Amino acid sequence: MGVMQRNRVNVVGAPDGRVVMLAHGFGCDQNMWRLVVPRLAPRYRLVLFDYVGAGGSDLSAWSEERYSSLEGYARDVVEICEELDLRDVAFVGHSVSSMIGVLAARAAPRRITSLVMITPSPCYIDKDDYRGGFSAEDIDELLQSLDANYLGWSSAMGPVIMGNPDRPELGNELTASFCATDPDMARVFAQVTFLSDNRHDLQGVRLPTLVVDCANDAIAPPQVGAFVHASIPGARQITLDASGHCPQLSVPDATADAILDFLDHER
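Residues numbered from 1 in each chain as written. Predicted model: local features only at pLDDT ≥ 70, side-chain atom pairs only at ≥ 80, totals over all residues. Heavy atoms only, no water.

(A) Layout of the overall build of the chain. When you go through the chain residue by residue, the secondary structure sums to 12 helices and 7 strands. Its C-alpha atoms give the chain a radius of gyration of 17 Å, within 12% of the compact-globule value 18 Å for 267 residues. Out of the 267 residues in the chain, the part that is buried amounts to 57%. Residue pairs in contact within the chain that sit at least 24 positions apart in sequence constitute 76% of those at least 6 positions apart. For the chain, the exposed surface amounts to about 10,800 Å²; the carbon and sulfur share of it is 50%. Of the charged side chains in the chain, 21 are positive and 36 negative; the average position of the first set lies 8 Å away from that of the second. (Helix = DSSP H or I, 4+ residues; strand = E, 2+ residues; numbered from the N terminus. Rg over C-alpha atoms; globule rule 2.2 N^0.38 Å. Buried < 20%, exposed > 50% of the residue type's maximum accessible area, 1.4 Å probe, protein only. Contact = heavy atoms within 4.5 Å. Areas by Shrake-Rupley, 256 points an atom, 1.4 Å probe, with all protein chains shown as cover. Lys, Arg positive; Asp, Glu negative; His and termini not counted. Charge placed at Lys NZ, Arg CZ, Asp CG, Glu CD.)

In structure tokens form, the structure reads like this:
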């Protein structure tokens, strides 16, 4: 099966516009961008896809060896760029995809030329004077709970990650997305995500970069966004007046505005 089918790649929007690649986070798929796409599509050529193991991807292409590191997911991104011969790509990554974008841009610098990081975290665990928001014990408990009862974990964590308890439909959507993911594949992706430490990778980023975080986020608190911003020379930061870890769903217009403003002014 080819790359286009493997990752369920969809290309929409302005045929002659600059390419914007939209990359989903853990437990999600390209459907998470549906409320932002209408704002971007009139001006940009949008490339959407599912990582192997998510959404409508080809599950037979998944291997634990490849996808037990973020580099494996970054290879998906690079191979999509190569298949479509994409250049001058603005890579928009949500959550862990922000760090995947950093790795993909390093591997293919002539193809990915700017980064938008939506609620990024280079490291979830508190280490020395760095505050990622979780202790090592917290993450160990989270992964044990996920491994023991993935559906139960999804039901409990979906609303927490989404935030916005006054809008339960958002939490329900994220829970449903988690539950639709193969538990074994999700377990590996979760370990890769929550045990990753890409702080040093940020220091090598020399691309125009926008960091978008939310004022209240249980997964990537404000100090994490500030760390990412400070680690990348020349990066811009926008803190949305929003709650939760998925602003593309909770405040899609504000998220689209941030992306569009950055793309308009990065050059």
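From this point, the discussion proceeds with the structure in view.
(B) Expanded view of the packing of helix α5 (residues 136-148) against helix α6 (residues 150-162). Two elements in contact, α5 and α6, have axes whose closest approach is 5 Å; the angle formed by their N-to-C orientations is 125°. By the angle between their axes, α5 is oblique relative to α6. Here Leu142, Ser145, Leu146 and Ala148 of α5 come into contact with α6, specifically with Tyr150, Trp153 and Met157. Class assignment for the residues of the contact of α5 with α6 results in 6 nonpolar, 1 polar and no charged. (Axes fitted to C-alpha atoms, helices over the stretch in contact; angles between N-to-C directions. Parallel < 35°, antiparallel > 145°, perpendicular 65-115°, else oblique. Nonpolar A, V, L, I, M, F, W, Y, C, P; charged D, E, K, R; others polar.)

(C) Quick look at a negative patch on the surface. A surface patch of negative charge is lined by Asp126, Glu137, Asp138, Asp140 and Glu141. With respect to the helices and strands, the residue glutamate 141 is situated in helix α5. Given a relative accessible area of 58%, glutamate 141 falls into the exposed group. (Patch = residues over 30% accessible without salt bridge, like charges linked within 9 Å, V, L, I, M, F, W, Y side chains within 5 Å. Salt bridge = Lys/Arg side-chain N within 4 Å of Asp/Glu carboxyl O.)

(D) Inspection of unusual backbone geometry at higher detail. Within the chain, aspartate 88 stands out as a residue other than glycine whose phi angle is a positive 55°. With respect to the element layout, aspartate 88 can be found in the loop between α3 (70-83) and β4 (89-94). Relative accessible area serves as the criterion here: at 27%, aspartate 88 is assigned to the partly exposed category. With a phi angle near 55°, serine 95 is a residue other than glycine that sits in the positive phi range. By the element assignment, serine 95 lies in the loop between β4 and α4 (96-107). Since its relative accessible area comes to 8%, serine 95 is described here as buried.

(E) Fine view of the pattern of salt bridges. Taken as a whole and judged by the stated rule, the model has 17 salt bridges. A salt bridge links aspartate 76 to arginine 6, with the nearest nitrogen and oxygen atoms 3.5 Å apart. Residue aspartate 76 is located in helix α3, and its partner arginine 6 is located in helix α1 (residues 3-6); the two are separated by 70 residues in the primary sequence. Exposure remark for aspartate 76: the relative accessible area of 0% places this residue in the buried category. On the accessibility criterion, arginine 6 (9% relative accessible area) is buried. The shortest N-O distance in the salt bridge between arginine 111 and aspartate 85 comes to 3.2 Å. Taken together, the residues span a long stretch of sequence, with arginine 111 in the loop between α4 and β5 (112-118) and aspartate 85 in the loop between α3 and β4 at a distance of 26 residues. According to the relative accessible area criterion, arginine 111 is buried, its value standing at 15%. One connected set of salt bridges, linked through shared partners, spans Arg6, Arg66, Asp76 and Glu79.

(F) Examining the pairing of β5 more closely. By the criterion of burial, β5 is predominantly enclosed, with 7 of the 7 residues buried. Chirality of the crossover, the property in question, places the unit of β4, α4 and β5 among those that are right-handed. With 4 bridges joining them, β5 and strand β6 (residues 209-216) adopt parallel strand pairing. Its bridge partner lying in β6, leucine 115 is registered against threonine 209. (Right-handed = clockwise from strand over helix to strand, strands pointing away. Pairing = 2+ DSSP bridges.)

(G) Just the packing of aromatic side chains, in detail. Here the structure, examined in full by the defined rule, presents 13 aromatic pairs. Between tyrosine 51 and tyrosine 73 the ring centres are 5.5 Å apart and the planes differ by 90°, which places this aromatic pair in the edge-to-face class. With tyrosine 51 in the loop between β3 (45-48) and α3 and tyrosine 73 in helix α3, this residue pair connects regions lying 22 residues apart in the sequence. Exposure class is identical for tyrosine 51 and tyrosine 73. Each is buried. An aromatic cluster is present here, built from Phe26, Phe49, Tyr51, Tyr67, Tyr73, Tyr124, Tyr150, Trp153, Phe178, Phe189 and Phe194 joined pairwise through their rings. Note that arginine 199 overlies the ring of tyrosine 130, its terminal NZ or CZ placed 4.9 Å from the centroid. (Phe/Tyr/Trp six-rings, centres within 6.5 Å; stacked < 30°, edge-to-face > 60°. Lys NZ or Arg CZ within 6 Å of the ring centre and 35° of its normal.)

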